[in-house]
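Coordinate analysis (summary)
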Amino acid sequence: MEPIKELTDPRYWNPKCKNFEIIDWDKFYSKNPAPPKVFDPPQRHQKLHGWRSSLMWWWNRSWICQPFPLLCPLPKSETARISDDSEILIQKMLGPNPSSENIPGALRNKLLWTENNIAPETLVSFNRWAWRTQTNQGRVIGLGTLWYDWSVNPGLFGWLIGNVLRKKFGAVQVSPDGKWINIASYSDPSEEGMVNYIHMYVVQEDDVFTTPDGQIIEHVKPGDLIRLSWNPEDPYECDNSKLVYMYFPRVVATFDERKGIVVRNDEHYGDLLTHATNDPDECLSTCCYTYTCGWSAERRFDFQVSYISDLQRFAVAAPPPEAEIIERL
């Protein structure tokens, strides 16, 4: 595996994109940011609606246009199954970091399942990104690519998103109190580029989240994450009436630094496995999983997130540079 040269390039640590900035966290907090306590993800209602989503090109297990991804595979990628008893998938996707003490605790040594994400991305690890210390003025403390250690399904949608992700980088900033993590993703770090901002909130001790019918979401614990998007071009937008994306990433495996091994989280991995191997039993109603005429956006969302792909395509990241190498970039 070749080192990712951009991780030691000052231009990527200090992007000049039109809308990139070092976040003024006092300004952000003046807007009283807080994730909704009732989990009703906007993407359930706003995505996968209309006639364009009738054809099931979006489904995680879709076979539509399947020969195309097979004939034009993504570069430097390999495949493995969530259901493989050897656990080769999590073993390959989660590796050590030489400067792990600089990784925010909510991301450190963790492999995350993007449950309730309608995009074809399934498993994500930030552990082999490059990480450095924070400064009093604030700066980018983490940098990585959205291609390595970031799995997609092997269908057409996964192929399309994979080709986008392999050109994307993410610059991480963290609030002084550690409650908020911001990732600015971009392809071009120059003045011609633009970034998309994603927020992650670290669940606190007194946080309780429920479903719309009032059921407490028991698996969400302090230290877990909530992934949120408001206006992707504005890092200060946090008005929940403008929320466009939300889900709870779940830790399915951790890297034990003392033993040097990857350890599966049986509770979360068990739920992941169920979603990857269960039978939807909708063959007749969908014309052999090709068409969803008459389905609502909500029904399509529920179908998408309930039946994910067992087979995952991913690329393994090379070891990142140590903090000493990137500290002054």
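This report concerns the structure included in the present document. Computed from a prediction, not measured in an experiment: that's the story for all the values here.

What follows covers the side chain of arginine 139. Residue placement: arginine 139 occurs in the loop between strand 4 (130-131) and strand 5 (142-145). The exposure class assigned to arginine 139 is buried, which follows from its relative accessible area of 13%. One polar contact links arginine 139 to glutamate 327, side chain to side chain, over a distance of 2.5 Å. Each residue touching arginine 139, except ones within four places of it in the same chain, is listed here: Ile22, Arg132, Thr133, Gln134, Val172, Gln173 and Glu327.

The next thing to look at is helix 7 (residues 266-277). Here helix 7 is 12 residues long and its end C-alpha atoms lie 16 Å apart, about the 16 Å a rise of 1.5 Å per residue gives. Taken together, the buried positions of helix 7 are occupied by His268, Tyr269, Leu272, His275 and Ala276. Seen along its axis, helix 7 keeps its buried residues to an arc of 120°; they face one direction. Of the exposed residues in helix 7, those oriented more than 90 degrees away from the buried face are Asp266 and Glu267. Contact partners of the buried residues in helix 7: helix 5 (88-93), strand 2 (110-113), strand 3 (121-125), strand 12 (250-256), strand 13 (261-264) and helix 8 (297-306). N-capping of helix 7 is provided by asparagine 265, with a side-chain oxygen placed 3.2 Å from the backbone N of glutamate 267.

We note that aspartate 149 has phi near 55°; this positive angle belongs to a residue other than glycine. With respect to the element layout, aspartate 149 can be found in the loop between strand 5 and strand 6 (150-152). With a phi close to 60°, cysteine 288 is a non-glycine residue in the positive phi region. Considering the arrangement of structural elements, one finds cysteine 288 in the loop between helix 7 and helix 8.

The next point concerns the nonpolar core. Counting 43 residues, the largest nonpolar core has Leu107, Phe126, Trp131, Ile181, Tyr186 and Leu225 as the members making the most contacts within it. Of all the secondary-structure elements, those providing two or more residues to this core are helix 1 (10-13), strand 4, strand 6, helix 6 (156-165), strand 7 (169-174), strand 8 (180-186) and strand 9 (196-202). Excluding its chain neighbours within four sequence positions, the residues that come into contact with tryptophan 131 are Asn97, Ser99, Asn102, Ile103, Pro104, Leu107, Phe126, Ile141, Gly142, Val172, Ala323 and Ile326. Core analysis: the next-biggest nonpolar cluster, separate from the first, contains 19 residues, Trp113, Val252, Phe255 and Phe314 among them.

Bringing a negative patch on the surface into the picture now. A contiguous patch of negative charge on the surface is contributed by Glu101, Glu257, Glu322 and Glu324. Within the secondary structure, glutamate 101 sits in the loop between helix 5 and strand 2. A residue is classified by how much of its surface remains accessible, and glutamate 101, at 55% relative accessible area, is exposed.

The rules behind each value
Residues numbered from 1 in each chain as written. Predicted model: local features only at pLDDT ≥ 70, side-chain atom pairs only at ≥ 80, totals over all residues. Heavy atoms only, no water. Helix = DSSP H or I, 4+ residues; strand = E, 2+ residues; numbered from the N terminus. Buried < 20%, exposed > 50% of the residue type's maximum accessible area, 1.4 Å probe, protein only. Polar contact = N/O pair within 3.5 Å; in protein donor to acceptor, adjacent residues only side chain to side chain. Contact = heavy atoms within 4.5 Å. Expected span 1.5 Å × (residues − 1). Arc of directions from axis to C-beta. Core = buried A, V, L, I, M, F, W, Y, C linked by side-chain atoms within 4.5 Å. Patch = residues over 30% accessible without salt bridge, like charges linked within 9 Å, V, L, I, M, F, W, Y side chains within 5 Å. Areas by Shrake-Rupley, 256 points an atom, 1.4 Å probe, with all protein chains shown as cover. Salt bridge = Lys/Arg side-chain N within 4 Å of Asp/Glu carboxyl O. Lys, Arg positive; Asp, Glu negative; His and termini not counted. Charge placed at Lys NZ, Arg CZ, Asp CG, Glu CD.

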